[in-house]
Amino acid sequence: MISRKAMQDAAERYDPKDLALSCIASHSGLDVYDGAVDEGYRSIAIAQKGRDDVYGRYFKTLRDSKGTRIRGCVDETWTYPKYAGVMDAKQQARLRKANALWVPNRAWTSYCGIDGVEEDFAVPLVGSRAMLRSEDRGGPKDYYWLLKQAKLPFPRRIKSPDDIDQLAIVKLHHAKKKLERGFFTCASTKEFHAKSKELLKQGVIDQESLDKAVIEEYIIGPVLNFNFFYSPVSKKLRNAEPLELLGIDWRFESSLDGHVRIPAPQQMTLPAHQLVPEMTVVGHNTATVRESLLGKVFELGQRWVKAAQEHYAPGIIGPFCLQTCVDKDMNFHIYDVAPRIGGGTNVHVATGHPYGNALWRTNMSTGRRVALEVKRAVEEDCLRQIVT
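Below: a short report on this structure. (Residues numbered from 1 in each chain as written. Predicted model: local features only at pLDDT ≥ 70, side-chain atom pairs only at ≥ 80, totals over all residues. Heavy atoms only, no water.)

Some details on the overall build of the protein
Selection rule: Secondary structure counts use DSSP, requiring at least four H or I residues in a row for a helix and at least two E residues in a row for a strand, with both numbered from the N terminus. To get the radius of gyration, use the C-alpha atoms; to get the globule rule, take the number of residues to the power 0.38 and multiply by 2.2 Å. We call a residue buried when its accessible area falls under 20% of the maximum for its residue type, exposed when it is over 50%, and partly exposed in between, using a 1.4 Å probe and counting protein chains only. Here a residue-residue contact requires only that any non-hydrogen atoms of the pair lie within 4.5 Å. Where accessible areas are quoted, they stem from the Shrake-Rupley method and a 1.4 Å probe; at the residue level, only the protein chains shown are allowed to cover. All tallies of charge rest on Lys and Arg as positive and Asp and Glu as negative; His and the ends of each chain are not included. Working definition for charges: the position is that of NZ of Lys, CZ of Arg, CG of Asp or CD of Glu.
Looking only at helices and strands, one finds 16 helices and 15 strands in the protein. In terms of overall dimensions, the protein is globule-like: its C-alpha atoms have a radius of gyration of 21 Å, near the 21 Å expected for 388 residues. Its C-alpha atoms give the protein principal-axis dimensions of about 65 × 45 × 40 Å. When the 388 residues of the protein are sorted by exposure, 51% land in the buried category. Considering only intrachain contacts with a sequence separation of at least 6, the fraction spanning at least 24 residues in the protein is 67%. Of the roughly 18,100 Å² of accessible surface on the protein, a fraction of 52% belongs to carbon and sulfur atoms. Side-chain charges in the protein split into 55 positive and 48 negative, and the spacing between the mean points of these groups amounts to 2 Å.

A closer look at the packing of aromatic side chains
Condition: Only the six-membered ring of Trp is used, alongside the rings of Phe and Tyr, when aromatic pairs are assigned; centres must lie within 6.5 Å, and planes under 30 degrees apart are stacked while those over 60 apart are edge-to-face, with the rest tilted. By definition, being over a ring means that NZ of Lys or CZ of Arg is both within 6 Å of the ring centre and within 35 degrees of the ring normal.
Summed over the entire model, instances satisfying the criterion amount to 13 aromatic pairs. Residues F228 and F320 carry aromatic rings whose centres are separated by 5.1 Å and whose planes lie at 15° to one another, so their mutual orientation is stacked. Of this pair, F228 sits in strand β11 (residues 223-230) while F320 is found in strand β14 (residues 318-326), placing the two residues 92 residues apart along the sequence. An aromatic cluster is present here, built from F226, F228, W304, F320 and F332 joined pairwise through their rings. Its end group placed over the ring of Y312, K141 keeps NZ or CZ at 5.0 Å from the ring centre. Of note, R157 hangs over the ring of Y144, and the distance from its end group to the ring centre comes to 5.3 Å.

Considerations on the nonpolar core
Spelled out, the test is: We call a set of buried Ala, Val, Leu, Ile, Met, Phe, Trp, Tyr and Cys residues a nonpolar core when their side-chain atoms join them within 4.5 Å.
Y33, L101, W102 and W108 are the most contacted members of the largest nonpolar core, which totals 55 residues. The set of elements that each furnish at least two residues to this core consists of β1 (20-24), α2 (29-38), β2 (42-48), β5 (76-80), β6 (100-102), α5 (106-112), α6 (114-119) and α16 (366-379). Considering each element in turn, this core owes the most residues, 5 residues, to α2. Non-local contacts of L101, meaning those with residues more than four positions away in its chain, are made with A11, Y14, L19, A20, L21, S22, P124, V126, V374, L383 and V387. Among the nonpolar cores identified, the runner-up in size contains 34 residues, and L224, F226, L293 and L322 belong to it.

Here we look at the environment of A130
With respect to the helices, strands and loops of the structure, A130 is situated in the loop between α6 and α7 (143-149). When the C-alpha positions of A130 and E118 are compared, they lie 7.2 Å apart, and in sequence the two are 12 residues distant. Apart from the residues within four sequence positions on either side, A130 is in contact with M1, Y312 and A313.

A word on the sheet that holds β2
Stated formally: Paired strands are those between which DSSP finds at least two bridges. For every element, the axis is a line fit to its C-alpha atoms; helices are fit only across the contacting stretch, and the angle between N-to-C directions ranges from 0 to 180 degrees.
One open sheet holds the 4 strands; their spatial order is β5-β2-β1-β6, and the pairing between them is parallel. Either end of the sheet is taken by a strand with one partner, and the two such strands are β5 and β6. Strand-to-strand twist in this sheet, taken as the mean axis angle between neighbours without regard to direction, amounts to 25°. Two elements, β1 and β6, share 3 bridges in a ladder whose sense is parallel. Each bridged residue has a counterpart across the sheet, and for S22 the counterpart in β6 is W102.

What to know about the packing of α2 against α16
Rules: Throughout this description, any angle smaller than 35 degrees is read as roughly parallel, any larger than 145 degrees as roughly antiparallel, any in the 65 to 115 degree range as roughly perpendicular, and the remainder as oblique. Crossings are sorted by hand: turned counterclockwise from the far helix by less than a right angle, the near helix makes the crossing left-handed, and turned clockwise it makes it right-handed.
Running from N to C, α2 and α16 cross one another at 45°; their axes reach a closest spacing of 7 Å. Taken together, α2 and α16 sit at an angle that is classed as oblique. Pair α2 / α16 crosses with right-handed handedness. The residues of α16 that touch α2, namely those facing D31, V32, G35, A36 and D38, are T366, G367, R368 and A371.

Quick word on the pattern of salt bridges
Stated formally: Should a side-chain nitrogen of Lys or Arg be within 4 Å of a carboxyl oxygen of Asp or Glu, the pair is scored as a salt bridge.
Counting across every chain of the model gives 27 salt bridges. Put simply, R133 and D115 hold a salt bridge, and the shortest N to O gap is 2.6 Å. Pair noted here: R133 is in the loop between α6 and α7 and D115 is in helix α6, with a separation of 18 residues, a long-range link. R133 sits in the partly exposed class, given a relative accessible area of 34%. Of the charged contacts in the structure, one is a salt bridge between E208 and K212, with a shortest N-O distance of 3.5 Å. In this pair, the class of E208 matches that of K212, namely exposed. The network of salt bridges with common partners includes K5, D9, E12 and R384.

Examining a nonpolar patch on the surface
Formally: Surface patches are drawn from residues lacking salt bridges whose relative accessible area is over 30%; two like charges belong together within 9 Å, two nonpolar side chains (Val, Leu, Ile, Met, Phe, Trp, Tyr) within 5 Å.
Where nonpolar side chains cluster on the molecular surface, the patch consists of V54, Y58 and F59 and spans about 280 Å² of accessible area. The topology assignment puts F59 in the loop between α3 (53-58) and β3 (62-63). Given a relative accessible area of 35%, F59 falls into the partly exposed group.

Quick word on the sheet that holds strand β15 (residues 332-338)
Consider a sheet: its strands pair through backbone hydrogen bonds, and that pairing is either parallel or antiparallel. In spatial order, the strands read β13-β12-β11-β14-β15; together these 5 strands make up an open sheet with antiparallel pairing. For this open sheet the edge positions go to β13 (279-287) and β15, each flanked by a neighbour on one side alone. Sheet twist, expressed as the average angle between the axes of neighbouring strands with direction ignored, equals 35°. As paired elements, strand β12 (residues 243-255) and β13 share 8 bridges and run antiparallel to each other. Across the sheet, S255 pairs through a bridge with M279, a residue of β13. Running over the sheet, helix α14 (residues 294-311) touches β11, β12, β14 and β15 and is turned about 100° from β12. Relative to β11, α16 is tilted by about 10°, and along the sheet it contacts β11, β12 and β14.

So this is what it looks like as structure tokens:
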């Protein structure tokens, strides 16, 4: 793991009056860039050829003669043949020269590789470098392990297909869409084998991923993803609560969302290649939770933060997302954890999150909250506390 002190020292050598925020131009990039310029910082998009027009053309920042933004949110777009081009030592030096603070997202770890993220990327991160690997299911200290340490509720693990005795979800990667899901549901051992055989035949999943798949009980209820923020700067200030709930999102999944719009008799007439829905995330929407449940939501966040501090020094910094299902008794079950900015925060770009807006009395998206944390850290002379 790259030394945190080295990254803290690098951040302190930056010009605090000319900072930039940068991240991979995918996933939640627009949220980060929009938030950066809202708080007076430059934004640098790290794009891949063929996907760069969205950032360098359609959301390019235009400013008036006084430098005030009048359109867009992307100040600079650096384009590489592949996203991993930014991992080159010369490109890292270029980022440091630009006074860039890096905001980790899932696209970065997926496209550039977690080993390079931990060992080679010598640019200060606003976030928790040591926690990013915990997202990968099956590791010795993955997010399941941390949820156990925190005594947080999550779906019951089913050890073997032979043990399936209720509706279950099988979690594995898609064979062709490498960054997407090949998830499927089943309610018996027989159904597991029938569906997996058909999905293998179609090339949706492969045997290697199936052998490593995680099987869990399926929680019947709505999905609510809680976008939190943990602030070392607020913790430093007197009487300021460091844990914030900024907002909630839920997902549109293809082809699942199309299936649920079809009456059951018609679903049963679908041909084999359409019969089993896929769960590829294609969009997000905003949500709120009934107010009587907010206390439970904050308790989930507090327990996870405490466990992260105990087992992943220095703990969580900045945004994180607890992805939950809510059962019929209004109990939350955490089915996934993102120890960085969540994938659904773009739904709040510019308008902010409902709870973040109520807390900060302005349009407060996750991206803007990251930029605000940088600004407050500079003002309080504690930039070291928010980088790894």
